[in-house]
Amino acid sequence: MIPIEVPVFHRATSIKLDVHNLYLTPPAHGLEFPVLERLSVAGFRFDMDELVQRCPHLRVLEVGSGGGLYKIKVHSPTIEELVVDYECWVNGIDIMAPVLKKFELRTSMGLDFSVSFYAPMVENLWWDVSCPKLNVGIDVWRLRDLTLWKEESGNTLWLFIDAPTVYAPVAQRNFSQEIASLPNFSVLQLCLVTRGHIFGPLVLSLLGICTVIHKLKVAIDNDKCREVCPSNCPCEQSQNWRSQTISLPALEEVEIKGFEGNGDEIDFMKLLFRCTPLMTTMTVTLAPEVLPTSRGCEKTYRIFRENPSVKCRVYRSGGEEVLCP
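In the nomenclature of an unreviewed UniProt entry, the protein chain is known as FBD domain-containing protein of Aegilops tauschii subsp. strangulata.

Caption draft 1: Main features of the packing of aromatic side chains. Scanning the entire structure with this criterion turns up eight aromatic pairs. Plain terms: the ring middles of Y70 and W89 are 6.0 Å apart, the flat faces sit at 40° to each other, and that makes the pair tilted. Placement of the pair is Y70 in the loop between β5 (60–63) and β6 (72–75) and W89 in strand β7 (residues 81–96), with a sequence separation of 19 residues. What makes Y70 partly exposed here is its relative accessible area of 48%.

Caption draft 2: Expanded view of the environment of G110. Within the secondary structure, G110 is located in strand β8 (residues 102–118). Look at G110 and you get buried, because its relative accessible area is 0%. Sequence separation between G110 and T13 is 97 residues; the distance between their C-alpha atoms is 34 Å. Sequence-distant contacts of G110, defined by excluding residues within four places in its chain, comprise W89, V90, N91, K133, N135 and R173.

Caption draft 3: Here's a closer look at the nonpolar core. Grouped together as the largest cluster of nonpolar side chains are 100 residues, with contacts concentrated most on I95, F103, W127, L159, L188 and M282. A per-element tally of this core places helix α4 (residues 263–275) first, with seven residues. Looking at this core, you find at least three residues from each of domain 1 (1–129) and domain 2 (131–320). Excluding residues within four positions of it along the chain, L188 makes contact with L157, L159, L207, C210, I213, K215, L216 and K217.

Thresholds, definitions, all that
Residues numbered from 1 in each chain as written. Predicted model: local features only at pLDDT ≥ 70, side-chain atom pairs only at ≥ 80, totals over all residues. Heavy atoms only, no water. Phe/Tyr/Trp six-rings, centres within 6.5 Å; stacked < 30°, edge-to-face > 60°. Helix = DSSP H or I, 4+ residues; strand = E, 2+ residues; numbered from the N terminus. Buried < 20%, exposed > 50% of the residue type's maximum accessible area, 1.4 Å probe, protein only. Contact = heavy atoms within 4.5 Å. Core = buried A, V, L, I, M, F, W, Y, C linked by side-chain atoms within 4.5 Å. Domains from an automatic or database assignment.

Have a look at this one:
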């Protein structure tokens, strides 16, 4: 692809470039866009880092889909708003923007995806990063989507984790590597498509990474392609997870949806009560097919009675509250 040099617009304060199947390069000889404040680009290959460096007064950058953007790199002392809606995969995010206030990101992880993020003044934050290559995970579990957003009470991280029934490639990175590089968050939300697998060891591993969260929400989806774990299934390689204890001193609120009350879920609930000395509320929503009088629910009520300092509630899948005996 032959590079095409973008001309210098000395007086332009706003530029929108939406051209396709081209490779555009900044002006030669290090020339800058001296008064440019807003830039919108889409549809073509370009070097984001070099282009940003040529805009000393850039405040707003919008990036749409196009070819050849292998890394989202923005180092700028002036940029305040960054919106990236890039449907193709990228190998990394590298942001150093001390006055950035808004950052919206929609993209897909490449094989060598990494994150470096410094934006201490960000107020409006939204990341939506899919993982179509299924190369992040542990054992039978694979990450499919990661969403991070900012609210008044703090950042929330939502993970969509699946146990694929079809062949999944060997995980090249684990959850710890992905989460460690993200901005801090106080709420962890998990959507687990379990397909009959035991999820306790997975969530225990995640909580060991996220020890400072204040709220945990776990949504269990066990209706799709339900399977029976073989005796040597990797999902329970850690046989002692039921007796382990980790310190979760900040965790106060727990919500579990899709609860069936089987033995593994009961063990998981006991683990949560054991690891969270300051828990104040536990809310359980039953799976549609589970009756409040089931044996698993009876065991749940017993656990609640053993922890009177925690406000515990149980709801049917339709939203009606169950009066715990």
